[in-house]
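So the chains spell out like this:
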Amino acid sequence: MHYWNEIIRSLTDKRDLSDEQLKLLLDSDAADGLLFAQADAVRKRIYGTDVYIRGLIEYTNYCKNNCCYCGIRRDNCNIKRYRLTKEEILSCCKEGCALGYRTFVLQGGEDPFYTDDKICEIVSAVRGLYPDCAITLSLGEKTKESYQAYFDAGANRYLLRHETADAAHYRKLHPEEMSLEIRKRCLFDLKEIGYQVGAGFMVGSPHQTTDCLISDLRFLQELSPDMIGIGPFLRHKDTPFRDHPDGSLALTLRLIAILRLMFPHALIPATTALGTIHPEGREMGLRAGANVVMPNLSPVSVRKLYSLYDNKICTGEESAQCRVCLEQRVKNAGYQIVTDIGNVRR
Ligand code: 5AD
Ligand code: FES
């Protein structure tokens, strides 16, 4: 007990621990109570009880990549593919704006149909109609020139999870043609251009070890992102990882708390995957240090098709229902949703 106190105190004060101490903390549930309370105290010191909302628009489920964990990988012939038009995307933004969203996240598979020109056209249109909103893109790996073009068109933020910072582990999750080096370069390019950047990883992905997680934390220290998104790995029946066990709720919560203490100012979402692995997963995430929720703004007609993993929540509800549902959930957890854009910089 005494020892855990000391570790958590040291993590809070120095925002860091040795690899050995991190390993102890990650591998034991003994300190969870203390850890979550401390993470919540730090989060309240910096953000009070505020929770930011980001409206997620899943605009295409076509993907040229073949990541072994992901349900929309190109080799999955078992799903119907869809693309939203610019008009459909704008109508999601309109609905989102009416519901109080001031950040739109455009997320999709890596879909060559959307050329840089098309993306820029969409971004400019959103920017023109919603000058005070933040536009977040999450479209995967592009060249620095492409990222620059989207930025010039009006995008301000970019989410690209690094997925794992361990090169050997990265190889086991991705096909030959992808590499951790490129992934990392993209993240540094985005930062250089001036985007607010979000990175992150799955917890409990196949072949992940505690050392992989420590590498993830070390990489995040190097990158120093504005947002850090993590969620449990969840299997998808039409992927090579169909028989691997789901990630652990407890370890995901423990990592959220560690991230809050290592990166006190970070935006940390209580993710959809967390809400999928447990009916109150997102509430638990908020209580362990998370301060963002990202409800779905996609048209209900396509929601089931954006199936990264099995049993994803919120695929039958209208955007307005998710908004009300989340308001209540956030309140039940002891926090409240704020609708300003939360443009926090260190
Ligand atoms: N389980 C959990 N998360 C997943 N993602 C993709 N597939 C899965 C899965 N099977 C996550 C990845 C990606 C984000 C959009 O969703 O981390 O970056
Ligand atoms: Fe979508 Fe609760 S957030 S139904």
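Here the residue numbering is sequential within each chain, running from 1 through the sequence in written order. In the order they appear in the text, chains get letters beginning with A and ligands get numbers beginning with 1. For a predicted model such as this one, the threshold for reporting local features is a pLDDT of at least 70, and the threshold for listing and counting side-chain atom pairs is 80 or more; totals across whole chains, interfaces and linings nevertheless cover every residue. Hydrogens and waters are ignored; side-chain quantities use all the structure's heavy atoms.

1. Some remarks on the packing of helix α8 (residues 180-193) against helix α9 (residues 210-223)
Angles run from 0 to 180 degrees between N-to-C directions of axes, and those axes are lines fitted to C-alpha atoms, restricted for helices to the stretch in contact. What counts as a helix is a DSSP run of H or I of at least four residues, what counts as a strand is a run of E of at least two, and both are numbered from the N terminus. One can describe the packing of α8 onto α9 by two numbers: an axis separation of 11 Å at closest approach and a directional angle of 25°. When the interaxial angle is binned, α8 and α9 end up roughly parallel. Viewed along their axes, α8 and α9 form a crossing whose handedness is right-handed. Mapping the contact onto sequence places K184, L187, F188 and K191 in α8 and F219, E222 and L223 in α9. Taken together, the residues of the contact of α8 with α9 sort by class into four nonpolar, no polar and three charged. An angle below 35 degrees is read as roughly parallel, one above 145 as roughly antiparallel, one from 65 to 115 as roughly perpendicular, and any other as oblique. By definition, turning the near helix anticlockwise from the far helix through less than a right angle yields a left-handed crossing, and turning it clockwise yields a right-handed one. By the convention used here, residues are in contact when the closest approach between their heavy atoms is within 4.5 Å. Amino acid classes used here: Ala, Val, Leu, Ile, Met, Phe, Trp, Tyr, Cys and Pro are nonpolar; Asp, Glu, Lys and Arg are charged; the rest, including Gly, are polar.

2. Considering the nonpolar core
The term nonpolar core refers to a set of buried residues drawn from Ala, Val, Leu, Ile, Met, Phe, Trp, Tyr and Cys, joined through side-chain atoms within 4.5 Å. Here's how the labels work: a residue is buried when its accessible area is under 20% of the maximum for its type, exposed when over 50%, partly exposed in between, all with a 1.4 Å probe on protein chains only. L137 and Y150 are the most contacted members of the largest nonpolar core, which totals 101 residues. Element by element, the count of residues in this core is highest for helix α10 (residues 249-262), at nine residues. In this structure Y150 touches D116, I119, C120, V123, L137, L139, K142, A155, Y158 and Y195, once residues within four positions along its chain are discounted. Ranked by size, the runner-up nonpolar core spans ten residues in total, among them Y47, Y52, L159 and V292.

3. Here's the deal with the sheet that holds strand β1 (residues 50-53)
At least two bridges found by DSSP between two strands are what make those strands a pair. An order of β8-β1-β9 is seen for the three strands of this open sheet, with the pairing classed as parallel. Two strands bound the open sheet, and with one partner strand each, they are β8 (292-293) and β9 (336-338). One ladder, built from two bridges, connects β1 with β8; its direction is parallel. Bridge pairing in β8 links Y52 to V292.

4. Thoughts on empty space enclosed by the protein
Points on a 1 Å grid, built from protein atoms alone, make a cavity when a 1.4 Å probe fits but cannot get out and make a pocket when they are open with protein on both sides within 12 Å along at least 5 of 7 lines; residues with an atom within 4 Å of a point are the lining residues. Grid points are joined across faces, edges and corners, and a volume is the space filled by probe spheres set on the points. On inspection of all chains with the given rule, the structure shows four cavities of 30 Å³ or more. Each pocket or cavity is described by its volume, and for the largest cavity that value is around 910 Å³. Forming the walls of the largest cavity are 41 residues, and the residues nearest its centre are Q107, R161, E163, Y306 and L308. Those elements that place two or more of their residues in the lining of the largest cavity are β2 (55-60), β3 (103-108), β6 (196-203), β7 (227-232) and α11 (272-277). The biggest single contributor to the lining of the largest cavity is β7, with five residues. Counted by class, the lining of the largest cavity contains 23 nonpolar, eleven polar and seven charged residues.

5. Examining the side chain of K312
Here K312 lies in the loop between α13 (300-303) and α14 (319-333). Taking the relative accessible area as the measure of exposure, K312 reaches 11% and is therefore buried. Polar contact criterion, stated in full: a pair of N or O atoms within 3.5 Å, where within protein one must be able to donate a hydrogen and the other to accept it, and residues adjacent in sequence count only if both atoms are side-chain atoms. At 2.9 Å, the side chain of K312 and the side chain of E58 are in polar contact. Sequence-distant contacts of K312, that is, excluding residues within four places in its chain, are made with E58, T272, T276, N296, R303 and Y306.

6. A few points about the site of ligand 1
The environment of ligand 1 is formed by Y69, C70, Q107, R161, E163, M202, P232, F233, L234, L308 and Y309. Here R161 contributes a side-chain N or O atom positioned 2.9 Å from an oxygen atom of ligand 1. With respect to ligand 1, the backbone of L234 contributes an N or O atom lying 2.7 Å from a nitrogen atom. Per-residue and other accessible areas were derived by the Shrake-Rupley procedure at a 1.4 Å probe size, with only the shown protein chains allowed to occlude residues. Coverage of ligand 1 by the protein amounts to 87% of the 410 Å² it exposes when considered alone. Of all the cavities here, the one that holds ligand 1 is the largest cavity. Counted by class, the shell around ligand 1 contains eight nonpolar, one polar and two charged residues. The cutoff for a nearby residue is simple: one of its non-hydrogen atoms must lie within 4 Å of the molecule or strand. If over half the atoms of a molecule are within 2 Å of the grid points of a cavity or pocket, the molecule is regarded as sitting in it.

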